[in-house]
Amino acid sequence: MPIIARVLYGGVTEELLLRWGLMTVLVWLPWRFLQYRRGTPRPLYVWLAIVVSALLFGAGHLPAAAMQAGELTGYVVLFIVGTNTTFGVLFGYLYWRYGLEAAIIAHAFAHVVSYVLSLGVA
């Protein structure tokens, strides 16, 4: 996949879908129905939303990994989901503390670094 597609899809689209969309809804629901819209959302709600959206982010990379690797062994699944979940937690934290732009920039930068590192592998 061309680097521009990785940066735009990963950096922008995935962050819009998973952080701004899903994570926001996952914070809003308990804030609305358990906290009764009082004050700011509890940090527990935010961290649960970060982890759930990060796990889905990690799992969402499995189809692309299957296309590249051919077979999804347990190790490959653990690596893909684990690595992308870790980055998802980082992006979720950045979204929570610094806003959507920070998450988008970090995600796009991760794709650029990954691309540059992959140039040395070939």
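Residues numbered from 1 in each chain as written. Predicted model: local features only at pLDDT ≥ 70, side-chain atom pairs only at ≥ 80, totals over all residues. Heavy atoms only, no water.

Participant: Lay out the nonpolar core in plain terms, naming residues and giving numbers.
Facilitator: The biggest cluster of nonpolar side chains holds 14 residues, and the ones touching the most others in it are M23, V46, F91 and Y95. When residues of this core are traced back to their parent elements, those giving at least two are α1 (3–33), α2 (43–59), α4 (74–98) and α5 (100–121). Other than its neighbours up to four places away in sequence, F91 contacts E15, R19, F57, A103, A106, H107 and A110. (Core = buried A, V, L, I, M, F, W, Y, C linked by side-chain atoms within 4.5 Å. Buried < 20%, exposed > 50% of the residue type's maximum accessible area, 1.4 Å probe, protein only. Helix = DSSP H or I, 4+ residues; strand = E, 2+ residues; numbered from the N terminus. Contact = heavy atoms within 4.5 Å.)

Participant: Before we move on, can you summarise the environment of V51 with the specific residues and values?
Facilitator: Structurally, V51 can be placed in helix α2. A C-alpha to C-alpha distance of 9.1 Å links V51 and T86, two positions 35 residues apart in sequence.

Participant: I'd like a rundown of the pattern of salt bridges, residues and numbers included.
Facilitator: Counted by the stated rule, this structure contains one salt bridge. As a salt-bridge pair, E15 and R19 come within 2.8 Å of each other at their nearest N and O atoms. Of the two residues, E15 and R19 both sit in helix α1, four residues apart, roughly one turn of that helix. By relative accessible area, which is 0% here, R19 ends up buried. (Salt bridge = Lys/Arg side-chain N within 4 Å of Asp/Glu carboxyl O.)

Participant: Lay out a nonpolar patch on the surface with the relevant residues and their values.
Facilitator: Judged by side-chain polarity, I4, L8, V12, L16 and W20 come together as a nonpolar surface patch covering roughly 490 Å² of accessible area. Note on W20: relative accessible area 54%, which makes it exposed. (Patch = residues over 30% accessible without salt bridge, like charges linked within 9 Å, V, L, I, M, F, W, Y side chains within 5 Å. Areas by Shrake-Rupley, 256 points an atom, 1.4 Å probe, with all protein chains shown as cover.)

Participant: Hey, could you go over the packing of aromatic side chains for me, with residue numbers and the actual values?
Facilitator: Across all of its chains, the model carries seven aromatic pairs by this definition. Relative to F33, the ring of W28 lies with its centre 6.0 Å away and its plane at 80°, an arrangement referred to as edge-to-face. Ring geometry for W47 and Y93: centres 6.0 Å apart, planes at 20°, overall stacked. Taken together, the residues span a long stretch of sequence, with W47 in helix α2 and Y93 in helix α4 at a distance of 46 residues. Taking the relative accessible area as the measure of exposure, Y93 reaches 31% and is therefore partly exposed. Ring-pair connections join several aromatic residues into one group, and the members of that group are W47, Y93 and W96. The ring of F57 carries the charged tip of R19 above its face, separated from the ring centre by 4.8 Å. In this structure, R97 is placed above the aromatic ring of W96, and the distance from its NZ or CZ to the ring centre is 4.0 Å. (Phe/Tyr/Trp six-rings, centres within 6.5 Å; stacked < 30°, edge-to-face > 60°. Lys NZ or Arg CZ within 6 Å of the ring centre and 35° of its normal.)

Participant: Which residues make up α2, and what values go with them?
Facilitator: Taking 1.5 Å per residue, 17 residues should reach 24 Å; α2 reaches 24 Å between its end C-alpha atoms and fits that length. Those residues of α2 that fall on the buried side of the exposure criterion are Y45, V46, A49, I50, S53, A54, F57 and G58. Turning to α2, the residues buried within the fold contact α1, α3 (62–69), α4 and α5. (Expected span 1.5 Å × (residues − 1).)

Participant: Which residues make up the layout of surface pockets, and what are the values?
Facilitator: When its volume is computed, the largest pocket comes out at roughly 1100 Å³. In terms of lining, the largest pocket is formed by 27 residues, of which the most central are R6, H61, N84, H111 and S114. Counting residues per element, the ones that place at least two in the lining of the largest pocket are α1, α2, α3, α4 and α5. Across the lining of the largest pocket, the residue classes break down as 16 nonpolar, nine polar and two charged. (1 Å grid on protein atoms, 1.4 Å probe; cavity = no way out; pocket = protein on both sides within 12 Å on 5 of 7 lines; lining within 4 Å. Points joined across faces, edges and corners; volume = space filled by probe spheres on them. Nonpolar A, V, L, I, M, F, W, Y, C, P; charged D, E, K, R; others polar.)

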